[in-house]
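Secondary and tertiary structure notes
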Amino acid sequence: MTDSVIPHASEADAIAGSASGRMAGRIVGSDIFYSFRRSKMTMVAAAVTLLFFLLAIFAPLLAVQNPFDPAQLQLMNSRISPLWTADGQSPFLLGTDEQGRDVFSAILYGLRISLTVGVLGMLFAGTLGIVLGLIAGYVGGAVDGLIMRVADVQLTFPAILIALLVNGVVKSVLGNRLDAMGTLGVLVLAIGLSFWVQYARTVRGSVMVEKNKDYVAAAQLIGLPAPVIMLRHVLPNAMGPILVIATINLALAVITEATLSFLGSGMPDTMPSLGTLIRIGNNYLFAGEWWIVAFPGIALAGLILAINLLGDWLRDALNPKLR
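Here is a short report on the structure shown in this document.

So, how was this worked out
- Along each chain, residues carry numbers from 1 onward, in the same order as the chain's sequence is written.
- Where local features are concerned, this predicted model is filtered to residues with pLDDT of at least 70; where side-chain atom pairs are given and counted, the filter is 80 or more; whole-chain, interface and lining totals use all residues.
- No hydrogens and no water enter the side-chain calculation; it runs on all heavy atoms of the structure.
- A residue counts toward a patch only above 30% relative accessible area and without a salt bridge, and it is joined to like-charged neighbours within 9 Å or, for Val, Leu, Ile, Met, Phe, Trp and Tyr, to nonpolar neighbours within 5 Å.
- Residue exposure ignores everything except the shown protein chains as possible cover, and the areas themselves are Shrake-Rupley values with a 1.4 Å probe.
- The rule for a salt bridge is simple: a side-chain nitrogen of Lys or Arg has to be within 4 Å of a carboxyl oxygen of Asp or Glu.
- Think of it this way: any DSSP run of H or I at least four residues long counts as a helix, any run of E at least two long counts as a strand, and we number them from the N terminus.
- Whether a residue is buried, partly exposed or exposed follows from its accessible area with a 1.4 Å probe, protein chains only, as a fraction of its type maximum: under 20%, in between, or over 50%, in that order.
- For this analysis, residues touch if any pair of their heavy atoms sits within 4.5 Å.
- One less than the number of residues in a helix, times 1.5 Å, gives the span that helix is expected to have.
- Taken from the helix axis, the directions to the C-beta atoms give the arc we talk about.
- Any two of the Phe, Tyr and Trp rings considered here, Trp counted by its six-membered ring, make a pair once their centres fall within 6.5 Å; the pair's planes then place it as stacked at under 30 degrees, edge-to-face at over 60, or tilted in between.
- Cation placement over rings: the criterion is NZ of Lys or CZ of Arg within 6 Å of the ring centroid and within 35° of the ring normal.
- Fitting a line to C-alpha atoms yields each axis, with helices limited to the stretch in contact; the angle taken between N-to-C directions then spans 0 to 180 degrees.
- Comment on the angle field: the value is read as roughly parallel under 35 degrees, roughly antiparallel over 145, roughly perpendicular from 65 to 115, and oblique elsewhere.
- Each helix crossing is assigned a hand: it is left-handed if the near helix lies turned anticlockwise from the far helix by less than a right angle, otherwise right-handed if that turn is clockwise.
- Only Asp, Glu, Lys and Arg are considered charged in this grouping, and only Ala, Val, Leu, Ile, Met, Phe, Trp, Tyr, Cys and Pro are considered nonpolar; every other residue, Gly among them, is considered polar.

Moving on: a nonpolar patch on the surface. A grouping of Leu50, Leu54, Ile57, Phe58, Leu61 and Leu62 is seen on the molecular surface, where their side chains present a nonpolar patch of about 600 Å² in accessible area. At the level of elements, helix H3 (40-57) and helix H4 (59-62) are the ones that each hand at least two residues to the nonpolar patch. No other element matches H3, which puts three residues into the nonpolar patch. Within the secondary structure, leucine 54 is located in helix H3. The class for leucine 54 is partly exposed, based on a relative accessible area of 36%.

Let's shift gears to the environment of valine 117. Along the polypeptide, valine 117 turns up in helix H5 (residues 103-139). Look past the residues within four positions of valine 117 in its chain and what remains in contact with it is Leu184, Leu187, Val188, Ile191 and Glu257.

Between serine 90 and proline 91 the backbone carries a cis peptide bond, its omega angle lying at 5 degrees. In this fold, proline 91 is placed in the loop between H4 and H5. Backbone geometry at arginine 79 places phi at a positive 55 degrees, although glycine is not the residue there. Looking at where arginine 79 falls in the secondary structure, it is placed in the loop between H4 and H5. You can call arginine 79 partly exposed: its relative accessible area is 40%.

With that out of the way, let us pick up the side chain of threonine 247. Residue position: threonine 247 is located in helix H11 (residues 239-262). The class for threonine 247 is buried, based on a relative accessible area of 19%. When neighbours within four sequence positions are excluded, threonine 247 is seen to be in contact with Ile307, Leu310, Gly311 and Leu314.

Before going further, it helps to examine helix H12 (residues 274-282). Every α-helical turn comprises 3.6 residues, leaving residues that sit three or four positions apart pointing alike. Counted residue by residue, H12 has seven buried out of nine residues, so it is predominantly covered. Every buried residue belonging to H12 is among Leu274, Gly275, Thr276, Leu277, Ile278, Ile280 and Gly281, and all of these are buried. Buried residues belonging to H12 abut H5, H11 and helix H13 (291-317).

Taking 1.5 Å of rise per residue, the 16 residues of helix H7 (residues 159-174) would be expected to cover 22 Å, and the 23 Å separating its terminal C-alpha atoms lies within 8% of that figure. Restricting attention to buried positions, one finds in H7 the residues Ile162, Ala163, Val166, Asn167 and Val170. For H7, the arc enclosing every buried residue in end-on projection is 125 degrees, short of the 170-degree limit, so these residues lie on one face. Residues of H7 that are exposed and point more than 90 degrees away from the buried face comprise Leu165 and Ser172. On the buried face of H7, the contacting elements are helix H6 (141-155), helix H8 (180-210) and H11.

The next subject is the pattern of salt bridges. Under the defined criterion, the tally for this structure stands at seven salt bridges. In this structure, arginine 101 engages aspartate 97 in a salt bridge whose closest nitrogen and oxygen atoms are separated by 2.8 Å. On the basis of relative accessible area, arginine 101 is assigned to the buried category, the value being 1%. Note that aspartate 144 and arginine 204 form a salt bridge whose closest N and O atoms lie 2.6 Å from each other. You can see aspartate 144 sitting in helix H6 and its partner arginine 204 sitting in helix H8, a full 60 residues away along the chain. By relative accessible area, arginine 204 is classed as partly exposed at 22%. Beyond isolated ion pairs, a larger network of salt bridges with shared partners links Arg149, Asp152 and Arg201.

Another aspect to go through is the packing of aromatic side chains. With the rule as written, the count across this model stands at four aromatic pairs. Ring centres of tryptophan 290 and phenylalanine 295 lie 5.7 Å apart, and the angle between their planes is 50 degrees; this geometry places the pair in the tilted category. The exposure class of phenylalanine 295 is buried, given its relative accessible area of 14%. These aromatic residues form a ring-pair network of at least three members: Trp84, Trp290, Trp291 and Phe295. The ring of tyrosine 109 has arginine 112 lying over it, and the distance from NZ or CZ to the ring centre is 5.8 Å.

Between H3 and H13, the least distance of the axes is 8 Å, while the angle of their chain directions is 130 degrees. Between H3 and H13, the crossing angle belongs to the class labelled oblique. Viewed along their axes, H3 and H13 form a crossing whose handedness is left-handed. The segment H3 lies against H13, with Met41, Thr42, Ala45, Ala46, Val48, Thr49 and Phe52 engaging Ala299, Gly302, Leu303, Ala306, Ile307, Leu309, Leu310 and Trp313. Partitioned by chemical class, the residues of the contact of H3 with H13 number 12 nonpolar, three polar and no charged.

Our next topic: the packing of H5 against H13. For the pair H5 and H13, the least separation of the axes is 10 Å and the interaxial angle reads 40 degrees. Accordingly, the angle class assigned to the pair H5 and H13 is oblique. The interaxial crossing formed by H5 with H13 has right-handed handedness. Taken together, the residues of H13 that come into contact with H5 (itself represented by Val103, Ile107, Leu111 and Leu115) are Trp291, Phe295, Pro296, Ala299 and Leu303. Per-class residue counts for the contact of H5 with H13 are nine nonpolar, no polar and no charged.

Rendered as C-alpha cells:
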C-alpha cells in the first residue's frame, strides 16, 4: 500500500512543478515581459516603486524612532538640520521637525499611511466601478441608463471636489468620534467614491461588446447564472484596460490623499501621511527649515512619477496596435 502511494505523490509533485515551470516560461516569454525588459526607464520605475513599498513595509525596522509615539519625541531635538550640514546631528539623517520627529522616520511612516490609503482607495474604487459596469453593460435598459447618468453627473465635478464633499459630510456626521484609523477609513471611502466612474465606463463598454458573442450565448444556453457569466467569462476580457486604470488611479489616489491632508481634511498631525508632513513643513519653509517640507515633497513626487511611468508603459504594452 505504501509503495503504491509514494509514486502517486511524487507524480503529483512533478506535475505541479512542470505546470508552474510552464507558467513561468509563458510569463518570461510573453510580449509584455519582453517589452518590460526593453524599456530601461520602466525597469527603473518598477524598482523605485518596489523600493517605496519595501520602505513602507519595513518602516519599523528602518526608522530611528516611531514618529507616531509621543513618548519617543523630544522637543530638545526640534529643528535639527540634516546630518551633512554644519548643525546636523546623528542619528537624524534628514534632520528633525518642530516636534523633534526624525524626518526620515516620519517619511517612512507617512509613506506607509499614504500607500495604505492609496491602495485601499484604488481597490474600493475598482471593485465598485467593476460591479456597476458589469451590471450596466450586461443588464442594460433602465439600470444601465441610471448608472451611466450618475457617472456622467459625477464627471462634471473634479475628483478632489467629490472627495472633499464626501470627507466633509462624513466628518460632519461623526464629529469628534473619528480617531486616526477612522479618518483613514473616511479617506478611503472618499477616494473610492471619486474614481469609480472610469472603471464602470470601461467595463460597461467591454461587456456590451462581449455579451453578444457566441460563448456568452452558449453559457446562457447551458443555464449559467448571470453573475457567473459576468465574472468568469466576460470580466477577464476587460482586465487589460482595468489594470492600466488601476495603476494610474493608484497615483491619483495618493495625490488626492496628499491634497486632502495638505488642506487639513486628511490625516491628523499625530499620524501624518506625506501630505500632512508637507503641510506641516510648509509653515517653516521661509523660516530656514527647508528640509521639513523638501524631503517629504521629494518622496511624494518620486513615488507618483514612478507609478505613472509604470502606468504609461502598461498602457502601451497592453495595446495590440502598438505591438
